[in-house]
Amino acid sequence: MSVDIAQEQELKDVLTTVKNTMSPLRGVVHCAGLLDDGLLQGMSWEKFSKVLSPKVQGTWNLHELTLEDSLDFFILFSSAASLLGSPGQGNYAAANSFLDTIAHYRHTQNLRATSINWGILSDGMATHSRVAVKGLKPILTEDALNVLPQLFNTVQTGVISASWEAVSQQFPNLTESPYFQDILKPIAQPPKKTTSSIFETLLATPQESREAYLVNYLQTTISGIMQTIDGQLSPSDSLLDLGMDSLMVMEAINQLKTDLQLMLYPREFYERPRINSLAKYLAGEFARTYEKKTQTNPEPQEEFFVSSSPTPYTLDKKLPGIVFILSSPRSGSTLLRVMLAGHQDLASPPELHLLPFDTMEQREKELTRSHLGEGLQRAFIDLKGLDATQSENLIADLVKEDRSIPEVYALLQELAGDRILIDKSPTYAFYRETLDRAEAMFDNAKYIHLVRHPYAVIESFYRLRMDKLVGSGDSDPYQVAELVWTKSNQNILDFLKSIDPNRHHLIVYEELVKNPTQVMQGLCEFLEIPFDPSLVNPYEGERMTDGVYNQSMSVGDPNFLKRKKIDPTLADTWKTIRLPQPLSETSRQVAVSLNYELPEPTVVIPQISEEVISVRGLNLCLCNWGGHGSATCGQTVSVRRDKNKELILCLHGILEQGLAWEDVAIPLVEQGYRVVAPDLRGHGKSDHVGVGGSYNMLDFLGDIDAIVNNITDQEFTLVGHSFGSVLAAMYASIRPHQIKKLILVDPVIPSQTNESEAVEQLATHLDYLASPPEHPIFNNIEEAALRLHLATPAMSEKLSLRLAERITEPYQNGLRWSWDANLRTRAGLEFNGITRSRYLSILKSISTPITLIYGDKSEFNRPEDLIIQEKAMPTAKKIILSGGHNLHIERPTDLARIILK
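Rules used throughout
- Residues numbered from 1 in each chain as written.
- Predicted model: local features only at pLDDT ≥ 70, side-chain atom pairs only at ≥ 80, totals over all residues.
- Heavy atoms only, no water.
- Buried < 20%, exposed > 50% of the residue type's maximum accessible area, 1.4 Å probe, protein only.
- Helix = DSSP H or I, 4+ residues; strand = E, 2+ residues; numbered from the N terminus.
- Arc of directions from axis to C-beta.
- Contact = heavy atoms within 4.5 Å.
- Phe/Tyr/Trp six-rings, centres within 6.5 Å; stacked < 30°, edge-to-face > 60°.
- Lys NZ or Arg CZ within 6 Å of the ring centre and 35° of its normal.
- Pairing = 2+ DSSP bridges.
- Axes fitted to C-alpha atoms, helices over the stretch in contact; angles between N-to-C directions.
- Parallel < 35°, antiparallel > 145°, perpendicular 65-115°, else oblique.
- pLDDT = per-residue confidence, 0-100.
- Core = buried A, V, L, I, M, F, W, Y, C linked by side-chain atoms within 4.5 Å.
- Salt bridge = Lys/Arg side-chain N within 4 Å of Asp/Glu carboxyl O.
- Left-handed = near helix turned anticlockwise from the far one by under 90°.
- Nonpolar A, V, L, I, M, F, W, Y, C, P; charged D, E, K, R; others polar.
- Polar contact = N/O pair within 3.5 Å; in protein donor to acceptor, adjacent residues only side chain to side chain.
- Disulfide = S-S within 2.5 Å.
- Expected span 1.5 Å × (residues − 1).

Buried residues of helix α14 (residues 360-367): Met360, Arg363 and Leu367, and no others. Relative to the axis of α14, the buried residues are bounded by an arc of 55° and lie together on one face. The elements touched by buried residues of α14 are α15 (374-384), α16 (388-400) and α17 (405-416).

Structure, rendered in structure tokens:
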């Protein structure tokens, strides 16, 4: 007869049948049990109750319903897990401890009972799952049955076949237990290395020796996990090929996180399955995390999780409404999702990661070897009442059949019944195209835009090493975090502009944790559902916060389960955070648009020094950041070389000055570079040419050549803006051996001039030379600064004042520009034999790596000019920034990052 002994009535019916139709009941053997392993941190009560039910409730039912029977034996099949412990089986160990306890209880009542703590039975559950206790050996079922009669008169007995040396190494505390002292006494226990000692030893180990140390450490650690002899694991063998399964991988990751104090993710292991490659990688990551030093990392790419941006999507018949939580990662979306999961009218599973994909096969391919796909599996477990294996099989079938994503959404909505489906997947905001697919698939979808202060998001993203989760390579993790926050919120804000305001709702994380009831009441009004107090008690009840398997990470925020209630102090964590670099202009603009306060960063700003060199009788002033010198222009000094710092030489445009590069120079200097930006002849504080002098192209190139010879004999980076980009390009073609890389900012090319126009332009220039134009007169410095600000509205008031002070001089009762008025004519700049076609030929001859940076709002280049430039420099990298012509003033931080890359 088959019966669930945890169901009292079912068991009572069976025992009644036995009494009425069979011989008297003389004995009970309780062998029932279930496994549902999981890390204790992510273990839900559901997992506990499932495993406890047959052991606890079932045993108690047998005890109560047989009290009137005269039994010869009451045998309870317990487990060694309740004696030794068993990693990942906290629920199973607890369930079997109940069997041991009730055996002793029955003896106090003069009732028969024997609890047997079996080790691994050859036909038992352990043979169908991974054994978490190392050193246990299988016991043949025949041998177990033979020993069984000898145990009837005992209360509790352990029957275990083991290598006690291996067991004691895994559980060193057993040597202090009186129960095991007789067995373990002969075994010499090696001193166990503590976590802190491993971390401290690695920290004290020279960087060049850490890789070898980690190879030995990994061999020992992973051998223990795989239950092999240390020497059997070759550093060059693939651990996956040797049988390391996903549970072992997760166990290894957890051990590494503890010993090395590094947050690690499964993909980091799967991408480096050999000990030698993993050791090399961990050595680098350890140094990057715990040794603060200047280093240049690649600029992050805007591509995460999926290999390319999603394609547009159309659906003949849209699906019913759904609610999307849109946010950047680390914005509190797990907290909000779990809060919503407590409402009876909502179905709010973990990250589904469905929207960017067309089919389940595509999704499987993109998310392979990552726990990111487990949210959907966890959703099916809850909505369909499946266990982990059944849910895994269901998804495998959906992949095999290559079911479309709308079909999967439809299935989820069907399973949700009358409840509204919530889809919370922060990766959706990475691409604007993904958000558009939501409108294409669903009818009248609603959107919750969840925002959090960028400082808190960036710090949390960095601390949890989520740049590794998204696969950003060796890019600077802070830059990746900022890019993710900025692009996500930009995309969401842009997307929501096209959505009816009644279909989107803003939630500020800081308000959510400070005033959860008020915020959730407003959200319920938006969703048109009644407010439920369970919404503000996210740590109560079953809300799908555990992982799917023992080896799983908690789906969503890995820190969520570390708290027991909503913590209002999290609203102010951003106030204590100091980022290593200021936010970019774009990030600041997004933050301000979301009404976030951005205190000025507390950084030490590198000071400018002005230095003079004499070139063919002219004193040229050089703005210098990060190098030697403290003189001011007007004094002639010898500009010293600094071979320890790589040089970046910046050339300004016509009518500008070297100081205009300061906001670009500061972040470059903070990364260890030296930046020099000369005032070109006639500009800034450099000399005018005087009567008979000229401002021809060759003059400017000769000046640059002399400056370079004075300040460096090493390769350097050359940056040019506008007219400065023409000089930079020509110089790079003339002196290619000196230029490491060439950066052209909103570059221009000579205009095409026909013969009649050439004559007219020459006549105009001669007229200008005969009677140079007069500078305007300003009443005060503020008026001059305002003129600069009007030309470049993005320029700060502070910078406009500094620039105005530097390039004005007293005149009559006011001020006027100090740069040479003849520069207004551009006389000679276009008439040195450098025609448009010849200049394009020069561009084609440049062998140095080139980056072209344009402002999307710049009006200095016609579309046809851009096409011609790109054809002349086909290998150049092209970058478009939001801004106008003067990107070095409008977007200095972003420009500095590009230069660094």
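A few words now on the packing of aromatic side chains. The tally for this structure, following the rule as stated, stands at 13 aromatic pairs. Arranged with centres 5.4 Å apart and planes meeting at 50°, the rings of Phe77 and Trp118 form a pair that is tilted. Here Trp118 lies in strand β3 (residues 114-118) and Phe77 lies in strand β2 (residues 73-79), a separation of 41 residues in the sequence. With relative accessibility at 17%, the residue Phe77 sits in the buried group. Members of the aromatic cluster, each reached through a chain of ring pairs, are Phe324, Tyr409, Tyr428, Phe442, Tyr447 and Phe495. Residue placement shows Arg106 over the ring face of Phe74; its charged tip is 3.8 Å from the ring centre. Directly above the ring of Phe526 sits Lys446, whose terminal nitrogen or CZ lies 5.0 Å from the centroid.

It is worth spelling out the sheet that holds strand β5 (residues 136-139) at this point. Reading across the sheet, the three strands line up as β4-β5-β7 and stay open at both edges, with mixed pairing between neighbours. Edge strands, defined here as strands with exactly one partner in the open sheet, are β4 (120-121) and β7 (161-162).

Another aspect to go through is the side chain of Asp69. Mapped onto the secondary structure, Asp69 falls in the loop between α2 (45-65) and β2. Its relative accessible area of 18% is what places Asp69 among the buried residues.

Once that is clear, we can look at the packing of α14 against α16. At a minimum axis distance of 7 Å, the contact between α14 and α16 shows a crossing angle of 115°. Judged by the angle between their axes, α14 and α16 are roughly perpendicular. Along its contact with α14, which presents Met360, Glu361 and Glu364, the element α16 presents Ile395, Leu398 and Val399.

Scored by pLDDT, the chain comes out at a mean of 83, with 82% of its residues at no less than 70. Across residues 187-195, where pLDDT falls below 50, the model places twelve contacts with residues more than four positions away in sequence or in other chains. Low pLDDT, under 50, characterises residues 302-308; the stretch is placed with 23 contacts to residues that sit more than four places away or in other chains.

Counting buried positions along strand β21 (residues 850-855) yields six of six residues, so the element is predominantly enclosed. Going residue by residue along β21, you find Ile850, Leu852 and Tyr854 tucked away on one face and Thr851, Ile853 and Gly855 tucked away on the opposite face as well. Where strand β18 (residues 739-745) lies against β21, four bridges are found, and the strand directions are parallel. Considered in β21, the bridge of Leu742 is made with Ile850. Across five bridges, β21 lies against strand β22 (residues 877-881) in parallel orientation. The partner of Gly855 across the bridge, within β22, is Leu881.

We now examine the sheet that holds strand β15 (residues 647-651). The mixed open sheet is built from eight strands, whose spatial order is β13-β14-β16-β15-β17-β18-β21-β22. The two strands at the open ends of the sheet, each matched to only one other strand, are β13 (608-615) and β22. Geometrically, the sheet is characterised by an average inter-axis angle of 20° between neighbouring strands, direction not taken into account. As defined by bridge partners, β15 adjoins strand β17 (residues 716-721) across four bridges and the pair is classed as parallel. Paired with Leu651 across the two strands is Gly720, which belongs to β17.

Right, let's talk about the nonpolar core for a bit. Ranked by internal contacts, the top residues of the largest apolar core, which has 49 residues, are Leu649, Leu718 and Leu727. Apart from residues no more than four positions distant in its own chain, Leu718 is found in contact with Leu649, Leu651, Ala728, Tyr731, Ile739, Lys741, Leu742 and Ile743.

Taken as a whole and assessed by the stated rule, the structure comprises 29 salt bridges. Among the ionic pairs, Arg437 bridges to Asp358, the shortest N-O distance being 2.7 Å. With Arg437 in helix α18 (residues 432-441) and Asp358 in the loop between β9 (346-347) and α14, this pair connects stretches of sequence that are 79 residues apart. Its relative accessible area of 0% is what places Arg437 among the buried residues.

Interhelical geometry of helix α19 (residues 454-463) versus helix α21 (residues 477-496) gives an angle of 135° and a closest axis separation of 9 Å. Here α21 runs oblique to α19, going by the angle between their axes. The two elements α19 and α21 cross, and the hand of that crossing is right-handed. Judged by residue contacts, Pro454, Val457, Ile458, Phe461 and Tyr462 of α19 engage Pro477, Tyr478, Val480, Ala481, Glu482, Val484 and Trp485 from α21. The class makeup of the residues in the contact of α19 with α21 is eleven nonpolar, no polar and one charged.

Moving on, we come to the side chain of Arg503. Summarising the element assignment, Arg503 is placed in the loop between α21 and β12 (504-508). A polar side-chain atom of Arg503 sits 3.0 Å from a polar atom in the side chain of Glu439. Setting aside residues up to four positions removed in sequence, Arg503 forms contacts with Glu439, Asn444, Ala445, Lys446, Tyr447 and Phe526.

Another aspect to go through is the state of the cysteines. In the structure shown here, the tally under the stated rule is zero disulfides. Free cysteine: Cys623, not disulfide-bonded; nearest cysteine sulfur from Cys621 at 5.4 Å.

The next point concerns the environment of Val215. Among the secondary structure elements, Val215 is positioned in helix α9 (residues 207-226). Sequence-distant contacts of Val215, defined by excluding residues within four places in its chain, comprise Pro235, Ile275, Asn276 and Ala279.

The end-to-end C-alpha separation of α17 is 17 Å, in line with the 16 Å expected for twelve residues at 1.5 Å each. Ile405, Pro406, Val408, Tyr409, Leu412, Gln413 and Ala416 are the residues of α17 that are buried. Taken down its axis, α17 places every buried residue within 160° of arc, on the same side. Count one or two residues on from α17 and you reach Gly417, which has phi positive near 65°.

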